[in-house]
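What follows is the residue order along each chain.
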Amino acid sequence: MSDKLLIKIHDATCEICKQLAGGDIEIAYEFDLEFEQIELEDLSAYPEGDPFKDYIVNMYVVPNDGMIDVPMYVIINDGAIQASGIVKSLQEITNLVQSWETWLKLQSSDSETE
């Protein structure tokens, strides 16, 4: 199993989520990422204090509203969340992954020069 993972957080009633279905899996495959999907309802059942749930709540819950926009994609590498975003198109998913890969390469080259 790969240590790089693309997670899609979605809702069954989300039309954009349905439009991206399948294409997001192809993007994950293209970038050598494992792919998982989590229903927003299932995420709400994660226990309090779960680091993944806490990240999503702290980053994406609208204050005084409690709502979260979907679909959201999260990139995990070696067990750590390294990038995430709310997207509306397949191009935005590609951009998210490419931006993360660029950042990762820069981190790798920085550690080699130290």
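Just above, that's the structure.
Keep in mind that what you see is a predicted model, and the values were worked out from it rather than measured.

Colleague: How would you sum up the side chain of Thr94? Please name residues and give values.
Modeller: Locating Thr94 in the fold gives a position in helix α5 (residues 90–113). Apart from the residues lying within four places of it in its own chain, the contact partners of Thr94 are Ile27 and Phe31.

Colleague: Tell me about helix α2 (residues 23–30), and name the residues and values.
Modeller: Of the positions making up α2, those classed as buried are Gly23, Asp24, Ile27 and Ala28. Looking straight down α2, one finds its buried side chains confined to an arc of 145°; they lie on one side. Seen from the buried face of α2, the exposed residues on the opposite side, beyond 90 degrees, are Glu26 and Tyr29. Following α2 by one or two positions, Asp32 adopts a phi angle in the positive range, close to 60°.

Colleague: Any details on the pairing of strand β1 (residues 4–10)? Residues and values, ideally.
Modeller: Most of β1 sits inside the fold, with 7 of its 7 residues counted as buried. Residue alternation in β1 divides its side chains into two sets, Lys4, Leu6, Lys8 and His10 and Leu5, Ile7 and Ile9, and both sets are buried. Across 6 bridges, β1 lies against strand β3 (residues 72–77) in antiparallel orientation. Opposite Leu5, over in β3, you have Ile76 as the bridge partner. Note: β1 against strand β2 (residues 34–39), 6 bridges, orientation parallel.

How each quantity is defined
- Residues numbered from 1 in each chain as written.
- Predicted model: local features only at pLDDT ≥ 70, side-chain atom pairs only at ≥ 80, totals over all residues.
- Heavy atoms only, no water.
- Helix = DSSP H or I, 4+ residues; strand = E, 2+ residues; numbered from the N terminus.
- Contact = heavy atoms within 4.5 Å.
- Buried < 20%, exposed > 50% of the residue type's maximum accessible area, 1.4 Å probe, protein only.
- Arc of directions from axis to C-beta.
- Pairing = 2+ DSSP bridges.

Everything listed is a geometric property; what it means functionally is a separate question.
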